[in-house]
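Summary of the model geometry
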Amino acid sequence: MYENGKLTSTYLQYLQDGGEMGVLTRSFNWSDTALGHPRTWSQSLLTTLSIVLKSRFPMFLWWGTELIQFYNDAYRPSMGKHGKHPKALGQMGSECWPEIWSEIKPMIDKVFSSGESTWDEDRLMPIYRNGQIEDVYWTFSYSQVKDETGEIGGVLVICHETTEKVMALQKEITNTKVAKANNENLYSNNEELIKAQSLLAKAYYHVRAQEEKFRSIIEQAPVAIAIFRGPKFVIEVFNNKVLEFWDRTAEQVQNKPLFEALPEASDQGFEYLLSTVLTSGKTHIANELPVKLIRNGIIENTWINFVYEPIRDIAGLITGVMVICNEVTEQVNARKKIEENEMKFRQVTNMVIQMIWITDGDGINEYYNQRWYDFTGTDLKQLKGIGWNQLLHPDDQERELKTWNHSIKTGALYEIEFRLRSKSGKYIWVLGRAAPFYNSDGIIAKWFGTCTDINDQRMLMQQKDDFISVASHELKTPITALTASIQLLSRLKDNPLSDRFPVLIEQASKSLNKVNLLIKDLLNVTQFNNGQIHLNKTHVNLFNLIEDCCADIRLEGIYFIKTEGNLALTVYADALRIDQVIVNFIINAIKYAPESKKILITIENVNHTAKVSVTDKGQGIAADDLPHLFDRYFRVDETGSKYSGLGLGLYISGEIIRKHKGQIGATSELGKGSTFWFTLPID
Ligand code: ADP
């Protein structure tokens, strides 16, 4: 089986199949060549040859120092009809290709010496075939085949004749008619070739027509289209739209690498996107991507929507990228402007303290500002479900709806006061106003409305009304008593010694006192409001001051008032005003805690301030009312049915203490009693 380490009887296994060239190779008298009988051939030659013969791709092999030739059926047509085949089989390279040997040999030598493979595309290698020298174009690769010894045994050529393709391209470039005439001359004597030529021409025209159709589609396309070839993205095809977008002329971009023609577009991320499409073959779609371009000599910010589509050749290889793009700068700018305006509008509307709302012409709400949501604690979703009328106080809903419907119907200005439910559930008085906005057809397109919080004003008005009624009532009682006393006295004027005289005079002076006190309170309020109160400060011992205040009350013998604590503490204050505060605390303790007969007064030095507290064991004050005790006109029993008073005593006390830079307050527990206190700076 083996002779000198070479395969003998099985060599035929390697030369099986291969069609015509298989038959010729097996029957060839190899012994007469430098390679000798196939029995003596190296394993690598046999293996390579078996690949060549079995392959359907055109292959050619040179083996040994003489470069003895083999080739397969697929390669066979490139030999032409007359001339080289079948002589080329087993022939030495130099003998077979004298006409191009000077070109081929250096390539073979290079493969032998460096081991590097070659790659040539559409290379012109005119060869002698069909009885003449023909221009033949090849795309081919030369690669070395190693021997068992590790030496280079031969050169394998994998090639593909591209003459047809190149000719078609050339014909397109040169004048078609001239090329056609040349062809006619060239092939006029050969019927088969004429047929082939006509087929080729048909195919060519077909391709050309398709291509022209393609180009015209691109040119007429309403969007910018361009085709970039190769890794440098050479601009091969482009339409006017894309030139307009780039602000370049055809000459400036034709066959130029993209980023050379548009250098300002580089380093904006497009290189990466294009390369990714080229390598991955995946389409890339982008929306509103910003790109900076030089237009009219200045850098402009533009926005584009585009698609990068990979372009493949017949073999499926990606050779370029087609870009279809639509400039959307105007739309983006317009949208940005709208967004900006909207933002400004929102900012302004959210900054004002009013609630702002907008409805369509039919009164359906479209917008509320943030203040509305903050105030009502609702969100747009909730408001969509219900009419906003439902946020109004039930007693105001019907009245408001009537006014609103009237405005919608007639276009009359809408203006109404109603109570709106706030986040906390409390109803707050607001003033609702709205004006219609008419479109160019004279139809109401929108209503712009506001709601202004007028609760404080409303409450103040209410308080004033209440106060006037309370004040007149309070004044009326002692004045009625006074009038009665005086009427009786006048009846007794002729009998001044009557027993009732002193009693009536006592009653009259008491009533007058009451009137005096009420008027004093009223005057005090006016004076404090107008800042007309001036303090007459002296050094005052608090204990002595308190004792003076209590003297009259103690005389009555009903109440037990005890003063304790730091009895030596003195303050620099207006004695009359502080007296007024202490008297007010004590009178309140008597008035509002009649069942508690013990009143405790303490004097303390707390953090360098003098603190005076008056404590009773009366009914106490509810926690909700505590914060309002020192408000003007505040009375726990609003009806005034139980106790008389204007709700001014504590307010005036507060003003006096604040004027002294002190603090005032109250602590209380319902049913257990209250402590009213104030502090004064010691120095
Ligand atoms: P007025 O001048 O009408 O007496 P004040 O301003 O002195 O009113 O007091 C306000 C309200 O505080 C009173 O209506 C009363 O309900 C409550 N109040 C004041 N002192 C006491 C107290 N010692 N115990 C319970 N309630 C009090």
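Nothing here was measured: the structure is a model prediction, and the numbers come from that model. (Residues numbered from 1 in each chain as written. Predicted model: local features only at pLDDT ≥ 70, side-chain atom pairs only at ≥ 80, totals over all residues. Heavy atoms only, no water.)

What follows concerns the overall build of the protein chain. Tallying secondary structure elements over the protein chain gives 21 helices and 26 strands in all. At 56 Å, the protein chain has a C-alpha radius of gyration far larger than the 26 Å of a compact globule built from 683 residues. Counting only C-alpha atoms, the protein chain reaches 180 × 70 × 45 Å along its principal axes. Within the span of the protein chain, comprising 683 residues, buried residues form 41% of the whole. The contacts in the protein chain between residues at least 6 apart in sequence include a share of 53% that link residues at least 24 apart. When the accessible surface of the protein chain is summed, it comes to about 39,300 Å², and 55% of that surface belongs to carbon and sulfur atoms. Each charge class in the protein chain was averaged separately, 74 positive and 84 negative side chains, and the resulting centres sit 5 Å apart. (Helix = DSSP H or I, 4+ residues; strand = E, 2+ residues; numbered from the N terminus. Rg over C-alpha atoms; globule rule 2.2 N^0.38 Å. Buried < 20%, exposed > 50% of the residue type's maximum accessible area, 1.4 Å probe, protein only. Contact = heavy atoms within 4.5 Å. Areas by Shrake-Rupley, 256 points an atom, 1.4 Å probe, with all protein chains shown as cover. Lys, Arg positive; Asp, Glu negative; His and termini not counted. Charge placed at Lys NZ, Arg CZ, Asp CG, Glu CD.)

Turning our attention to the site of the ligand. Surrounding the ligand, one finds 19 residues, the nearest of these being Asn 588, Tyr 592, Asp 616, Gly 647 and Leu 650. Here a nitrogen atom of the ligand sits 3.0 Å away from a polar atom, N or O, in the side chain of Asp 616. For the ligand, an oxygen atom lies 2.7 Å from a polar atom in the backbone of Gly 647. Taken together, the elements giving at least two residues each to the shell around the ligand come down to helix H20 (575-592), helix H21 (649-659) and strand S26 (673-681). The element that contributes the greatest number of residues to the shell around the ligand is H20, accounting for five residues. Of the residues contributing to the shell around the ligand, the split by class is ten nonpolar, six polar and three charged. (Near = heavy atom within 4 Å. Polar contact = N/O pair within 3.5 Å; in protein donor to acceptor, adjacent residues only side chain to side chain. Nonpolar A, V, L, I, M, F, W, Y, C, P; charged D, E, K, R; others polar.)

Attention now moves to the pairing of strand S3 (residues 59-63). Across the five residues that make up S3, a large majority, five, are buried. Neither face of S3 is left uncovered, since the one carrying Met 59, Leu 61 and Trp 63 and the one carrying Phe 60 and Trp 62 both have all their residues buried. Where S3 meets strand S9 (residues 152-161), five bridges bridge the pair, whose relative direction is antiparallel. Looking across to S9, one finds that Trp 63 is bridged to Gly 154. Summarising the sheet, S3 and strand S4 (residues 68-71) pair through four bridges and their orientation is antiparallel. (Pairing = 2+ DSSP bridges.)

Right, let's get into the pairing of strand S19 (residues 444-453). For a regular strand, side-chain orientation follows a simple rule: the groups alternate between the two sheet faces. Bridge analysis of strand S15 (residues 355-360) against S19 gives six bridges, and the strand direction is antiparallel. Bridged to Met 355 within S19 is Cys 451. The pairing of strand S18 (residues 427-438) with S19 spans nine bridges and is antiparallel. Bridging across to S19, Leu 431 finds its partner in Thr 452. Turn length for the S18-S19 hairpin, with the two strands adjacent in sequence and antiparallel, is five residues, and the turn residue Gly 442 shows positive phi of about 80°.

The tally for this structure, following the rule as stated, stands at 28 aromatic pairs. Plain terms: the ring middles of Phe 270 and Phe 306 are 6.1 Å apart, the flat faces sit at 55° to each other, and that makes the pair tilted. Highlighted residues: Phe 270 in helix H12 (residues 270-280) and Phe 306 in strand S13 (residues 298-312), separated in sequence by 36 residues. Clustering of aromatic rings is evident, with ring pairs tying together Phe 60, Trp 62, Tyr 71, Tyr 75, Trp 97, Trp 101, Trp 138, Phe 140 and Tyr 142. The positively charged end of Arg 458 is found above the aromatic ring belonging to Trp 429, 3.5 Å away from the centroid. Looking at Lys 611, its charged tip hangs above the ring of Trp 677, at a distance of 4.9 Å from the centre. (Phe/Tyr/Trp six-rings, centres within 6.5 Å; stacked < 30°, edge-to-face > 60°. Lys NZ or Arg CZ within 6 Å of the ring centre and 35° of its normal.)

So, about the sheet that holds strand S11 (residues 234-238). Across the sheet, five strands lie side by side as S11-S10-S14-S13-S12; this open sheet has antiparallel pairing. The outermost strands of the open sheet, each flanked by one partner alone, are S11 and strand S12 (284-295). Shown here is a sheet whose adjacent strand axes are inclined to one another by a mean of 35°, direction ignored. Relative to strand S14 (residues 318-327), S13 runs antiparallel, the two being bridged by nine bridges. Bridge assignment links Glu 309 to a residue of S14, and that residue is Met 322. (Axes fitted to C-alpha atoms, helices over the stretch in contact; angles between N-to-C directions.)

Turning next to the confidence of the model for the protein chain. In the predicted model, the protein chain carries a mean pLDDT of 85, and 91% of its residues have values of at least 70. A low-confidence stretch, residues 1-8 (pLDDT under 50), is modelled with 18 contacts involving residues beyond four sequence positions or located in other chains. (pLDDT = per-residue confidence, 0-100.)

Strand order in the open sheet formed by five strands is S16-S15-S19-S18-S17, and the pairing between neighbours is antiparallel. Each edge of the sheet is formed by a strand with only one pairing partner; in this case those strands are strand S16 (365-368) and strand S17 (414-421). Across the sheet, the axes of successive neighbouring strands diverge by a mean angle of 25°, strand direction being ignored. Note: S17 against S18, eight bridges, orientation antiparallel. Counted as the bridge partner of Arg 421 is Tyr 427 from S18. The strands touched by helix H16 (residues 394-410) within the sheet are S15, S17, S18 and S19, with S17 carrying the most contacts at an inclination of about 150°. In the packing of helix H17 (residues 455-491) onto the sheet, contacts are made with S17, S18 and S19, and the angle to S18 comes to roughly 130°.

A word on the packing of H20 against H21. In contact at an axis separation of 9 Å, H20 and H21 are set at 145° when each is read in the N-to-C sense. Between H20 and H21 lies a crossing of left-handed hand. Contact residues: H20 offers Arg 577, Ile 578, Gln 580, Val 581, Asn 584, Phe 585 and Asn 588, while H21 offers Gly 649, Leu 650, Ile 652, Ser 653, Ile 656 and Ile 657. Its residues assigned to classes, the contact of H20 with H21 comprises seven nonpolar, five polar and one charged. (Left-handed = near helix turned anticlockwise from the far one by under 90°.)

Tracing the backbone shows His 628 in the loop between strand S24 (609-616) and H21. Sequence separation of His 628 and Ala 589 is 39 residues, and the distance between their C-alpha atoms is 17 Å.

Helix-helix packing is characterised by the crossing angle of the two axes and by the distance between the axes. Relative to each other, helix H18 (residues 500-529) and H21 sit at 40°, their axes nearing to 10 Å. Classified by the interaxial angle, the pair formed by H18 and H21 is oblique. Note on packing geometry: the crossing formed by H18 with H21 is left-handed. Residue-level inspection shows Asp 521, Asn 524, Val 525, Phe 528 and Asn 529 of H18 in contact with H21, the latter providing Tyr 651, Ile 652, Glu 655, Ile 656 and Lys 659. Each residue belonging to the contact of H18 with H21 can be placed in one class, and the counts come to five nonpolar, two polar and three charged. (Parallel < 35°, antiparallel > 145°, perpendicular 65-115°, else oblique.)

With that settled, consider the nonpolar core. General note: in soluble globular proteins, nonpolar side chains tend to be found buried as a group. In this structure, Ile 578, Ile 586, Ile 599, Ile 601 and Phe 678 are the most contacted members of the largest nonpolar core, which totals 50 residues. The dominant element in this core, judged by the number of residues it contributes, is H20, at seven residues. Leave out the neighbours within four places in its chain, and Ile 578 touches Leu 542, Leu 545, Ala 573, Ile 657, His 660, Phe 678 and Leu 680. In this structure, Leu 15, Ile 100, Trp 138 and Val 155 belong to the second largest nonpolar core, which totals 43 residues. (Core = buried A, V, L, I, M, F, W, Y, C linked by side-chain atoms within 4.5 Å.)

Residue His 85 is joined to Pro 86 through a cis peptide bond whose omega torsion reads 0°. Residue position: Pro 86 is located in the loop between S4 and helix H4 (93-96). One non-glycine residue, Asp 17, lies in the positive phi region at around 55°. For Asp 17, the location among the structural elements is in the loop between helix H1 (11-14) and helix H2 (19-27). Positive phi, normally seen in glycine, also occurs at Tyr 633, with a value near 65°.

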